[in-house]
Structure formats: structure tokens, C-alpha cells
Number of protein chains: 2
Amino acid sequence: MKRIAESTVRRLSIYLSFLEEIGARGVLTTSSDDLARLGGTTSAQVRKDLSFFGSFGKRGLGYSVPELSAHLREILGLGRKWNVCIVGAGKIGGALARYAGFAERGFNITGMYDSDPHKLGKMYSGVAVQDIVHLERDIKSGKYQIAILTVPPENAQNIVDILVGAGIKAILSFAPLQLTTPPDVTLRTVNMAMELEGLTFALTKRSSDQQY
Amino acid sequence: MKRIAESTVRRLSIYLSFLEEIGARGVLTTSSDDLARLGGTTSAQVRKDLSFFGSFGKRGLGYSVPELSAHLREILGLGRKWNVCIVGAGKIGGALARYAGFAERGFNITGMYDSDPHKLGKMYSGVAVQDIVHLERDIKSGKYQIAILTVPPENAQNIVDILVGAGIKAILSFAPLQLTTPPDVTLRTVNMAMELEGLTFALTKRSSDQQY
DNA sequence: ACATGTGAACTGCTTCACAGCG
DNA sequence: CGCTGTGAAGCAGTTCACATGT
């Protein structure tokens, strides 16, 4: 299969959330034009994105909302439940544990880990914080497919190495630094200070096209 | 001035945080090669990124760490303090209010707003939650340059319209949906479910190059 | 000799435009 | 006729390679 651009995958997520929204409202068909308008892109882009995976529409008619939703869920790997652990039970980790949006999408937070003895046993949405020494064992036993990392930056690469060593293949990091993983482990980093810097950059050069 | 790619701005942030780290350790000079190794890019990319803004290095020698840090801070608009308000005092909003990383970078959370009467007056790191009806007035009076949006998706576009109407020019949204702003208002969206979907996409097609 | 700065070549994503099919 | 699906063209971002300056 061809290499799919990250930008394409992001747009597929956007299309899916739009489809689920209008699907819940009872809309049965839609078009690449509709999907484009919402996603802030063009109809050609929508069709090109979908074309990497198959032909899901009917010429002259458009797309069936339930059908296309199902295809996108399958493509994005949402046709199953995923078990996720949160490593780091601080402010952000706790907020994410309680965030309902994950469960709606099939992501179950089934474990939390921290090294601070004061946090052990604390409950977040029915999940108790465990000692981080058990993390490696639990990953090796196949309990989790995805790890969310919300530890201080000093410890982050160290924990990543443990996660990778134990066999995890997907990590979402909130640590504000650049981490490294082997090529077979997917890492995404959300760096909030960096996002704000993108905004101040735009604010500072008060020229045209801030939008991006 | 030429249009700068978003990817370039993101890398500048990465370079800066690396420079500050090694600067704090007393390192005085560095090279495009060093910066590249850390940022997961190439030395040519580093030099090209910097070249959009000037010539900050010495041929044959490299870059002065304090000088390049200062230039990057200036370029990214970090040469001043920014006042930021958080709209939505739920789980994520509260966690962000307490997140120390913002202040370190010159972003001061100086206001919080919510519409839920139960949340009014609650304190987060010394900032009281105010009624959202005051938000428009406070933005118009110039209290904030940046707004962080952590409200439920149903209300998000509505709040964006209020923010934009009151004159805000930069918004960081955590709402899991696509929002629209006029071209002179910069909007960045962090969508955690979408990040996880990027991971499951990679996990599902267990082929090569997961990394991106 | 060494590392920067930069035009030129290249790669890959996006847009165009139209053939194909309902 | 309308909207999809897709090769071809266009464009933007990255990489190359070397001239330039110390």
C-alpha cells in the first residue's frame, strides 16, 4: 500500500466526525463538496483522500453517510476497542483520564501509573493510579496498545525507552520536548507551549494570512 | 516578508527549547548539525529555516547559543509577556490553568470564564473563574491577546464568534471539532481524539514507516 | 579547513480538469 | 446531467551541493 500523508489521516478524522454528526441527525447522503466545506478544504482534496483507500461514492449522487462512516472507522482502526494507559498522574494526566471524549471513540483508559507515592491509589474515573514499577510488566502482558505520556520532561525519554522496550507501538506524548523512538513505534507529540508560540509568531508579524 | 510555513515555525520552537536547555547548561556555541540531530531533521533544513529571518551564524564556526536564542525568541514573539484567558473551566481548562509550562514561556493566564454558576469564583492558581457574560467586555478592554478555548463542542463556534467579535486575534482550541474564523484571526486546534486516531491508523496498517 | 547561507534540483502534497458512470 | 474518481499539472517544502566567509 502507498504511503499515506499525515495530513490526509488528519482530514479523514475530520470527515468522520462530521459524518457522525450529520448521521446522528438522520442525514443519509452527502457529497465531497459538503465534506470539504466543513473540513476547510476542497472537494477535490476530499475525493483524493478517499481514493487512496477505495471508491466509496456513487457518481452523480455522492456518498452514503452510514457507509462512508463505516469505511472511515475501519480505515482509521476504530473498528475495535483500544486499551490505553496514562503514564503520569499529574494535572494533565488526571484531566485526560476524566475526559469523556476518548471513551466515545473507543479508547478505554484502563490503567494509570505514577512514581509519586502520594498519588498511588488515587482514583480517576474508576481507574486507580498504580506504581510505575508495574508498567513494564503490564505492557509486556499485552494490557495496553497505546500509552499516553504526561510526565515531566526530565523523565520523558526514560519512560519512552521503558515503554518501547516493553513492546508498545504507539505513544501520545504531552511532554514539551522532542523524544525519539525506533521507526516501528509511532509517536505523536502535543506541545501546548509550541502551539502558543505558533500563535504569537502570527500575532507578531501582523501581515496577511495568519490562518494556517 | 515571505510566507513562512507552519512546519518551519514549529521547528523554530523546537530549536529554541533545545537552545535554552543547553544554554542553561552553559554551552556557548552550537551548529546546524547539533540542532538538526535533536529536532529530528537535517542541518540543511535548520539553516534554511533560519535563513528566512537573517544570518545568525558564523561560517566555519556555528551559532552563538545566547545570540540565536535571543533571535528566535524575538522571531517567535516571545520578547514580551502575553495575557491569556481560558474559556471553559472544566477538566482540561482547569488543568491548563495550573500548568506551569505556560508562565515559563511568558504566557500569563490572567482570566478564566465559564457559564456554569457552580464554577464561578473557583480559584485556579490564583485566578478566579468569572461569568462568561463578562468575557466580551474584558477582551474589548484589551485584557487579553490570546484565548484558550476548552468548552464543550456544542458551544465552541458560538464562543469563537464572540471572541472574534470582541477583537481577539489568536485562539487555541481544544474542542474536538472544526471551527471557522476570519482570515485575520489565527486559530490552532488541538484535538486529542484525532491524535489518537493518527496512532490507531498507524497501528492498524502494520507496514513500515509508522513514524511521522 | 570548516560550517554557514543559498540557488537549483527534487520530492510530494494539492489543485485542476475531465473522463467515467450512475 | 451531476458528482465521483483520477491522471496530469502546479506548487510548496525539503534536500542537495557548493560558493562564501572566517
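Values in this document were obtained by computation on a predicted structure and should not be read as measured data. Just so you know, the residues in each chain are numbered from 1, in the order the chain's sequence is written. Each chain gets a letter, beginning with A, and each ligand a number, beginning with 1, in the order they are written. Only residues with pLDDT of at least 70 get local features here, since the model is predicted, and only at 80 or more are side-chain atom pairs given and counted; chain-wide, interface and lining totals rely on the full set of residues. Note that water and hydrogens are dropped before the side-chain values are worked out from all heavy atoms of the structure.

### A word on the overall build of chain A
Here is step 1 of the chain: In terms of regular secondary structure, chain A is built from nine helices and 10 strands.
Here is step 2 of the chain: Exposure categories follow from relative accessible area, calculated using a 1.4 Å probe and restricted to protein chains: below 20% of the type maximum is buried, above 50% is exposed, and the middle band is partly exposed. Within chain A, buried positions represent 50% of all 212 residues.
Here is step 3 of the chain: Contacts are assigned to residue pairs with any non-hydrogen atoms lying within 4.5 Å of each other. Excluding contacts between residues fewer than 6 apart, the proportion of contacts in chain A whose partners are at least 24 apart in sequence is 55%.
Here is step 4 of the chain: The protein chains shown are the only cover counted for residues, whose accessible areas, like all others here, come from Shrake-Rupley with a 1.4 Å probe. Carbon and sulfur atoms form 53% of the exposed surface of chain A, whose accessible area is close to 9600 Å².
Here is step 5 of the chain: The convention is simple: Lys and Arg are positive, Asp and Glu are negative, and His and the chain ends are not counted. Here the site of a charge means NZ on Lys, CZ on Arg, CG on Asp, or CD on Glu. Side-chain charges in chain A split into 25 positive and 20 negative, and the spacing between the mean points of these groups amounts to 5 Å. The helix count covers DSSP runs of H or I at least four residues long, the strand count covers runs of E at least two residues long, and both are numbered beginning at the N terminus.

### So, the protein's contact with DNA strand C
Here is step 1 of the chain: A single heavy atom is enough: if one lies within 4 Å of a molecule or strand, its residue is considered near that molecule or strand. The immediate surroundings of DNA strand C are formed by 23 residues, with Arg11 of chain A together with Ser32, Arg47, Gly57 and Tyr63 of chain B found nearest.
Here is step 2 of the chain: Sugar plus phosphate, as a fraction of atoms of DNA strand C within 4 Å of the protein: 61%.
Here is step 3 of the chain: Polar contact is the term for a pair of N or O atoms within 3.5 Å; when the atoms are in protein, one must be able to donate a hydrogen and the other to accept it, and sequence-neighboring residues count only if both atoms are side-chain atoms. At 2.8 Å, a side-chain N or O of Arg11 of chain A approaches a phosphate oxygen of DNA strand C.
Here is step 4 of the chain: Contacts to DNA strand C include Gly57 of chain B, whose backbone N or O atom sits 2.9 Å from a phosphate oxygen.
Here is step 5 of the chain: At the level of elements, α1 (6-24) and α3 (43-51) of chain A together with α3 (43-51), β2 (57-58) and β3 (62-64) of chain B are the ones that each hand at least two residues to the surface near DNA strand C.
Here is step 6 of the chain: Counting residues per element, the surface near DNA strand C draws most heavily on α3 of chain A, at four residues.

### Some points on the domain arrangement of chain A
Many authors give the size of an interface as the accessible area that is lost as the parts come together.
Here is step 1 of the chain: As annotated, the domain borders come from an automatic or database domain assignment. Examined at the domain level, chain A breaks down into domain 1 (6-75) and domain 2 (82-194).
Here is step 2 of the chain: Of note, the centres of domain 1 of chain A and domain 2 of chain A, computed from C-alpha atoms alone, are 31 Å apart.

### A word on the pairing of strand β8 (residues 146-149) of chain B
Residues and elements named next belong to chain B.
Here is step 1 of the chain: Here β8 shows a buried face lined by Ile146 and Ile148 and a second buried face lined by Ala147 and Leu149.
Here is step 2 of the chain: Only strands that DSSP links by at least two bridges are regarded as paired with each other. Bridge analysis of strand β4 (residues 82-87) against β8 gives four bridges, and the strand direction is parallel. In the sheet register, Ile86 faces β8, and the bridge partner there is Ile148.
Here is step 3 of the chain: Taken together, the three bridges between β8 and strand β9 (residues 170-173) define a ladder with parallel strand orientation. The residue bridging Ala147 from the neighbouring strand is Ile171, located in β9.

### Some words on a positive patch on the surface
Here is step 1 of the chain: Within this analysis, patches are made of residues with over 30% relative accessible area and no salt bridge. Like charges are joined at 9 Å or less; nonpolar side chains (Val, Leu, Ile, Met, Phe, Trp, Tyr) at 5 Å or less. For this analysis, a salt bridge means a side-chain nitrogen from Lys or Arg found within 4 Å of a carboxyl oxygen belonging to Asp or Glu. Taken together, the side chains of Lys91, Arg98 and Lys122 of chain A together with Lys91, Arg98 and Lys122 of chain B present a region of like positive charge at the surface.
Here is step 2 of the chain: Mapping Arg98 of chain A onto the fold places it in the loop between α5 (91-97) and α6 (101-104).

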